[in-house]
Amino acid sequence: MIPLGNGEVGVPLPLEWKFSQVFGERAAGEEVQEVDIISAIEFDKSGEHLATGDRGGRVVLFERTDGKNYAFRKDQEKMDYSNARHPEFRYKTEFQSHEPEFDYLKSLEIEEKINKVRWCQTANGALFLLSTNDKTVKYWKVQEKKVKKICDMNLDPSASIGNGRFSGPIGAATDFVFPPGGFPSLHLPVVIVGHETQLVPRCRRVYAHAHDYHINSISNNSDGETFISADDLRINLWNIEISNQSFNIVDVKPVNMEDLTEVITSAEFHPTHCNTLAYSSSKGTIRLIDMRQSALCDTHAKLFEERETPGSRSFFTEIIASISDIKFGKDGRHILSRDYMTLKLWDLNMESSPVATFQVHEYLRPKLCDLYENDSIFDKFECCLSGNGLRVATGSYSNLFRVFGCVSGSNEATTLEASKNPTRRQVQTPSRSSRSFTSLARSRRRDANGGVYDFSAKLLHLAWHPTSNVIACAAANSLYMYYAEDVPR
């Protein structure tokens, strides 16, 4: 059991999720442009800002609006709303982070799609973040600056410097004296700094030419000075201030590529130990490495792997075991992993098996052959943990996402839809498999219990607010936000 805030030990109250906000909602029947589909979501550590990236290479920033004009604490207690409010956000700014490129040496087109965004430490009121596409990581600074306007001014000797005398360039033989009345037809540009401000994004660093394969992860270190970027075969360590040099700390590329048996799928730094990071593989394993052991971390400190049940192996076993995302808990003791069928919560002190397993797609097990032919079995769903570590969440098909309680004894399992009415489709996971499909060409199917699943509507990306029960998730080009309240027993 997990000790609660009141000192007791028990299962926390279940949560009732409600719709909060939506950005970019499309009208019924409106076609979604490919470049507008959201491909990355990330809250900053304070929870005051939210960033999204899309397939068009744009990064959009949102800022928290509630609580900025709160009254004093005593007034809050009198008004009894300090705990009733939930985080609300508004559009702040956007910028073009990446453009489409072409690698002429490899005859390869590089898409502008944003794979990941990660917030960095703020400084002097400016926001900093990293964004990456398949090949290049960029370091951005977004800061408010006062608007400068250029106006014309008549050249009037009464307003000139030096009492009507204009000194020429250094070393000039004579000075120029204004005639009486000045030059009415001559205008000089004057820069006037007003009180208005605007957000100015500026690319501070570009970290390029370090990956032969597509970048699938970037992660900031707790030291605030370094970060990692990972592709299928390598993990590189960067100093934020140095863009022309990186250190290869993990390399799983074999001498002969025919001997390749697994690839790196995700990587993340430990939230507090700057020498520790974890990475997952396509074989369903998670390796914890300590950078103090050696410069090239070709051996792991810990290996988290669940033993395969005898007699359960099939053609799809390795495919569905591939981990698409890992996240450290805020406490640094737990790792959450997502494979195609399940969510698994691992304790760093127990390598042999996860402490909890949550079934997400078990109802799809009879349909794996059809999902393989349709390539849906290779979809990469992300996962997230609540700030207090009591719950986990991940996405599914039909724009659904699931929230699970991970405290011992909790049976909380909520299915929500990314819409203004998140509970209108409380789909129960069918206990029995539905009849087999002949094809997934139409992508929309009905299970034995009458639930309709749309395999073209994939909720791949979501993020949990670091301090509140607020989830942001992406459904195509729309960003939905939900908040939760305790359900009375």
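Residues numbered from 1 in each chain as written. Predicted model: local features only at pLDDT ≥ 70, side-chain atom pairs only at ≥ 80, totals over all residues. Heavy atoms only, no water.

For the protein, the name recorded in an unreviewed UniProt entry is Serine/threonine-protein phosphatase 2A 55 kDa regulatory subunit B, with Nelumbo nucifera as its organism. Its UniProt record gives the protein a comment under Function (unreviewed entry), which states: "The B regulatory subunit may modulate substrate selectivity and catalytic activity, and may also direct the localization of the catalytic enzyme to a particular subcellular compartment." (UniProt positions renumbered as here; feature names shortened; annotations may be inferred.)

(A) The arrangement of the overall build of the protein in detail. When helices and strands are counted, the protein shows 3 helices and 34 strands. For the protein, the proportion of its 489 residues judged to be buried stands at 47%. Intrachain contacts of the protein at a sequence separation of at least 6 include 56% that bridge at least 24 residues. For the protein, the accessible surface area stands at approximately 26000 Å², while carbon and sulfur atoms represent 49% of it. (Helix = DSSP H or I, 4+ residues; strand = E, 2+ residues; numbered from the N terminus. Buried < 20%, exposed > 50% of the residue type's maximum accessible area, 1.4 Å probe, protein only. Contact = heavy atoms within 4.5 Å. Areas by Shrake-Rupley, 256 points an atom, 1.4 Å probe, with all protein chains shown as cover.)

(B) Spatial organisation of the pattern of salt bridges. All told, the structure shown has 23 salt bridges when counted by the stated rule. Here Glu382 ties to Lys116 by a salt bridge, and the two come within 3.3 Å at their closest N and O atoms. Pair noted here: Glu382 is in the loop between α3 (368-373) and β26 (383-385) and Lys116 is in strand β8 (residues 116-119), with a separation of 266 residues, a long-range link. Classification of Lys116 by relative accessible area gives buried; the value is 10%. We note a salt bridge from Arg234 to Asp212, for which the minimum N-O separation is 3.8 Å. With Arg234 in strand β16 (residues 234-239) and Asp212 in the loop between β13 (183-207) and β14 (217-220), the pair connects residues that are 22 residues apart, well separated along the chain. A network of salt bridges, in which partner residues are shared, links Lys106, Asp212, Arg234 and Asp251. (Salt bridge = Lys/Arg side-chain N within 4 Å of Asp/Glu carboxyl O.)

(C) Just the pairing of strand β17 (residues 246-251), in detail. In terms of strand pairing, β16 meets β17 through 5 bridges, oriented antiparallel. By the bridge assignment, Asn236 is partnered in β17 with Asn248. Taking the residues between adjacent antiparallel strands as the criterion, β16 and β17 are bridged by 6 residues. (Pairing = 2+ DSSP bridges.)

(D) View of the pairing of strand β23 (residues 334-338). Taken across its 5 residues, β23 has 4 buried, putting it largely inside the fold. As judged from the 4 bridges shared by strand β22 (residues 325-328) and β23, these two strands associate in the antiparallel manner. Directly across from Ile326, in β23, lies its bridge partner Ser337. Alignment of β23 against strand β24 (residues 342-347), held across 5 bridges, turns out to be antiparallel. If you follow Ile335 over to β24, its bridge partner there is Trp346.

(E) Main features of the environment of Thr122. With respect to the helices, strands and loops of the structure, Thr122 is situated in the loop between β8 and β9 (127-132). Here the alpha-carbon distance between Thr122 and Val142, two residues 20 residues apart in the chain, equals 9.9 Å. Discounting residues that sit within four places of it in the chain, Thr122 has contacts with Leu127 and Phe128.

(F) A nonpolar patch on the surface, seen in detail. On the surface, Phe315, Tyr372 and Phe378 cluster together into a nonpolar patch covering about 320 Å² of accessible area. Along the chain, Phe378 turns up in the loop between α3 and β26. Residue class for Phe378 comes out partly exposed when judged on its relative accessible area of 41%. (Patch = residues over 30% accessible without salt bridge, like charges linked within 9 Å, V, L, I, M, F, W, Y side chains within 5 Å.)

(G) Fine view of the packing of aromatic side chains. By the definition in use, this model includes 22 aromatic pairs. Geometrically, the ring pair formed by Phe128 and Tyr139 is stacked, given 5.7 Å between the ring centres and 20° between the ring planes. Here Tyr139 lies in strand β10 (residues 137-155) and Phe128 lies in strand β9, a separation of 11 residues in the sequence. Here Phe128 and Tyr139 have matching classes, each one buried. Here a set of aromatic residues connected by ring pairs shows up, and it is made of Phe19, Phe401, Tyr480 and Tyr482. (Phe/Tyr/Trp six-rings, centres within 6.5 Å; stacked < 30°, edge-to-face > 60°.)

(H) Local environment of empty space enclosed by the protein. Evaluation of the coordinates by the stated rule reveals 2 cavities of 30 Å³ or more. The calculated volume of the second largest cavity comes to roughly 40 Å³. Forming the walls of the second largest cavity are Lys116, Arg118, Asn216, Ser217, Ile218, Ser266, Ala267, Glu268, Asp325, Ile326 and Lys327. Broken down by secondary-structure element, the contributors of at least two residues to the lining of the second largest cavity are β8, β14, β18 (264-269) and β22. Per-class residue counts for the lining of the second largest cavity are 3 nonpolar, 3 polar and 5 charged. (1 Å grid on protein atoms, 1.4 Å probe; cavity = no way out; pocket = protein on both sides within 12 Å on 5 of 7 lines; lining within 4 Å. Points joined across faces, edges and corners; volume = space filled by probe spheres on them. Nonpolar A, V, L, I, M, F, W, Y, C, P; charged D, E, K, R; others polar.)

(I) Main features of the sheet that holds strand β21 (residues 302-304). Within the open sheet, the 4 strands sit side by side as β18-β19-β20-β21. Their pairing is antiparallel. Two strands bound the open sheet, and with one partner strand each, they are β18 and β21. Strand-to-strand twist in this sheet, taken as the mean axis angle between neighbours without regard to direction, amounts to 20°. As paired strands, strand β20 (residues 286-290) and β21 are joined by 3 bridges and run antiparallel to one another. (Axes fitted to C-alpha atoms, helices over the stretch in contact; angles between N-to-C directions.)

(J) Structural detail: the sheet that holds strand β29 (residues 413-417). Strand order in this open sheet of 4 strands is β26-β27-β28-β29, and the pairing throughout is antiparallel. The open sheet has two free edges, formed respectively by β26 and β29, since each of these has just one partner strand. Adjacent strand axes in the sheet meet at a mean angle of 20° when their direction is disregarded. Where strand β28 (residues 400-405) lies against β29, 5 bridges are found, and the strand directions are antiparallel. Among the inter-strand pairings, Phe404 is bridged to a residue of β29, identified as Ala413.

(K) Expanded view of the nonpolar core. Among the nonpolar cores identified, the biggest contains 17 residues, and Trp17, Phe401, Val403, Leu462, Ile471 and Cys473 are the most heavily contacted of them. When residues of this core are traced back to their parent elements, those giving at least two are β1 (15-23), β28, β32 (462-464), β33 (470-475) and β34 (478-486). (Core = buried A, V, L, I, M, F, W, Y, C linked by side-chain atoms within 4.5 Å.)

(L) Representation of unusual backbone geometry in the model. The phi dihedral of Asp375 is positive, around 70°, even though this residue is not glycine. Position of Asp375 among the secondary structure elements: in the loop between α3 and β26.

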